[in-house]
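# Descriptive structure summary
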Amino acid sequence: MAHKTEVVAMLLAGGQGSRLGVLTKNIAKPAVPYGGNYRIIDFPLSNCVNSGIYTVGVLTQYQPLELNDYLGNGQPWDLDRQNGGIHVLSPYEAIGGAEWYKGTANAIYQNINFIEKYDPEYVVILSGDHIYKMNYAKMVDFHKKNNADCTIAVLEVPWEEASRFGILATNDNDEIYEFAEKPKEPKSNKASMGVYVFSWDKLKKYLIQDENTEGSANDFGKNIIPQMLESGERMFAFPFKGYWKDVGTIDSLWEANLDIINPNVDLDLSDKSWRIYSRTTMSPPHYIGKNAVVENSSISEGCEIEGNVDYSVISSNVVIEDGADVKYSVIMPGAVIKKGAKVYYSIIAEDAVIEEDAKIGEIPELLENPENWGIPVIGANAVITKGKYIEPGVMVKSGEEV
C-alpha cells in the first residue's frame, strides 16, 4: 500500500524521435547522449528531484531497452526509494488485449491505476525530450494559488517559430482563454512547453471522457486541453524565463550541445544549487597530449586527445588522434577519430570510427553555396573508411561501413 503523495510526475519518454534520423534508429529519443556527460532524460528527472517530487512514472514505448538500462533503479537521481521513486511504465497486456500507447493522453489513461495508488492531489505531466532547468514546485504553488484545474508552462518564442508550437492566449492574470495547436497564423507567441500541472480529480475525468470519444487522437494538445477550455475549467499559464530547447531535430540537438560552451547562453550545468544528475561512466580523467590544441570546448572523462579540437562537445571515452581536426562538432561517447581526419559541423554518434584522413562535413562560410549546407550525422558504430568524404547534410546509418 503506497502512502498518499501530494504530487506525482508522469514523464512521457516513448517518442520515436524520427526527425533525429539515425540517432534514434536503435534508442528512444530521451536516451540520446547530450552535453558530453548526460542524456536528454537527465533534465526532467533532475528537475523532479530538485523540485522535491520523488514519485515519477516514466512511460516508455519505442526502443526502450537502452533507456530502461540507463534508468535502472533510479539511484543516480536519488529516485531509488521504498515509497515512490522511479517506475518504468511500458504498455502491457490488460484485460481485453494489449495496446500500444495511442497518444499522450492515452498513455496517461492506461496508467490511471499507477497514479491512483499514490492518491495525489496534483499530477505533473512532462516530456522526455527538452533541455531546461525548471522548479516544478513553484509551478504547483502557482496552480494552487490560482485554484486552477490545469496550469501550462509557457515560454515566449520568436513569432516566426510560433506555428511549430501549441499557442496560448491569456488575459492579464495569466488565465488562458484560447489555445491552438500549431496554428498557421498564431495570435500570440506564448508557446506551451509541454509541461502541465493538473488537479488529478479533473484530469482523470477528462482522460476517461477522451478515451470514450470516437475518433479522438488521445492527445493533450489536440484533445484534453481544448476540451477543458471549452468546458470552462480554470486554466492558467505559468510564465517561464530561462533556457529551454526542444531537441527534436538534428539542428536543434547540435545547437543545444554547443550552447553549453557558449558564454552568451543561460544554461549553467555547473550550478551547484540545481544539479543535473546522470549515470556516470566511471572513466579515468581525460588526457590531452602535448601537441594537442583544445580551444573553447567541453572535454569529458576518459578522453584521449592528441589532435585539434575547437568549439566542440567531446563526450566520455572519445579518442582523437594526432593530426585530427574537430571543429563545431558533437562527438558522442566512445567515438574514435583517427590521424588526419577532419570533422566539421557534424554529429558523430556513439562508438563510430572515422578512419585516417576521412573528412566529415564542411565549414559553412567556406562554401560557395552555403544554402545547401546541413549537419552530417554518423550513426552509432558506423565506420567511415580511410580518405572517405561525407558531404554536409548526409546521414550514415548505424553500423554501416562507408
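Residues numbered from 1 in each chain as written. Predicted model: local features only at pLDDT ≥ 70, side-chain atom pairs only at ≥ 80, totals over all residues. Heavy atoms only, no water.

## Some words on the side chain of Thr60
- Note that Thr60 resides in the loop between strand 4 (55-59) and helix 2 (65-71).
- The buried category is assigned to Thr60, whose relative accessible area is 1%. (Helix = DSSP H or I, 4+ residues; strand = E, 2+ residues; numbered from the N terminus. Buried < 20%, exposed > 50% of the residue type's maximum accessible area, 1.4 Å probe, protein only.)

## A short note on the pairing of strand 10 (residues 150-156)
- Of all 7 residues in strand 10, 6 are buried, a share of seventy percent or more.
- Pairing of strand 10 with strand 14 (residues 235-239), which is carried by 5 bridges, proceeds in the parallel orientation. For Ala153, the partnering residue across the bridge sits in strand 14 and is Phe238. (Pairing = 2+ DSSP bridges.)

## Here we look at the nonpolar core
- Residues Ile41, Leu45, Val58, Leu126, Met134, Met193 and Val195 are the most contacted members of the largest nonpolar core, which totals 43 residues.
- Counting residues in each nonpolar core, the second largest holds 34 residues, with Leu89, Ile108, Phe179 and Met228 among its members. (Core = buried A, V, L, I, M, F, W, Y, C linked by side-chain atoms within 4.5 Å.)

## Some words on the pattern of salt bridges
- Enumeration over the complete set of coordinates arrives at 18 salt bridges.
- For Lys4, the salt bridge goes to Asp119, with nearest N and O atoms at 3.6 Å. Taken together, the positions of Lys4 in the segment before strand 1 (7-12) and Asp119 in the loop between helix 4 (112-118) and strand 8 (122-127) put the pair 115 residues apart, joining distant regions of the chain.
- Classification of Lys4 by relative accessible area gives partly exposed; the value is 49%.
- Given a relative accessible area of 41%, Asp119 falls into the partly exposed group. (Salt bridge = Lys/Arg side-chain N within 4 Å of Asp/Glu carboxyl O.)

## So, the sheet that holds strand 21 (residues 313-314)
- The strand order across the open sheet formed by 6 strands is 18-21-24-27-30-33, and the pairing between neighbours is parallel. The open sheet has two edge strands, strand 18 (298-299) and strand 33 (395-396), and neither has a second partner.
- With 2 bridges connecting them, strand 24 (residues 330-331) and strand 27 (residues 347-348) associate as parallel partners. Within the sheet, the bridge partner assigned to Ile331 lies in strand 27 and is Ile348.

## Points about the packing of helix 6 (residues 200-211) against helix 7 (residues 220-230)
- Taken N-terminus to C-terminus, the directions of helix 6 and helix 7 make an angle of 120°; their axes are 10 Å apart at the nearest point. When the axes of helix 6 and helix 7 are compared, the pair comes out oblique. Handedness of the helix 6/helix 7 crossing: right-handed. Contacts between helix 6 and helix 7 pair Lys202, Leu203, Tyr206, Leu207, Gln209 and Asp210 from the former with Phe220, Asn223, Ile224, Gln227 and Met228 from the latter.
- Along the lines of polarity and charge, the residues of the contact of helix 6 with helix 7 split into 6 nonpolar, 3 polar and 2 charged. (Axes fitted to C-alpha atoms, helices over the stretch in contact; angles between N-to-C directions. Parallel < 35°, antiparallel > 145°, perpendicular 65-115°, else oblique. Left-handed = near helix turned anticlockwise from the far one by under 90°. Contact = heavy atoms within 4.5 Å. Nonpolar A, V, L, I, M, F, W, Y, C, P; charged D, E, K, R; others polar.)

## Description of unusual backbone geometry
- A positive phi angle, close to 45°, is found at Asp119, a residue other than glycine.
- For Asp351, which is not glycine, the phi dihedral falls at a positive 60°.
- Considering the arrangement of structural elements, one finds Asp351 in the loop between strand 27 and strand 28 (353-354).
- The exposure class of Asp351 is partly exposed, given its relative accessible area of 42%.

## A closer look at the environment of Asp259
- Structurally, Asp259 can be placed in helix 8 (residues 250-259).
- Here Asp259 falls in the buried class, since its relative accessible area comes to 12%.
- Separated by 54 residues in the primary sequence, Asp259 and Val313 place their C-alpha atoms 9.6 Å from one another.
- Here Asp259 is in contact with Tyr243, Lys245 and Val265, once residues within four sequence places are set aside.

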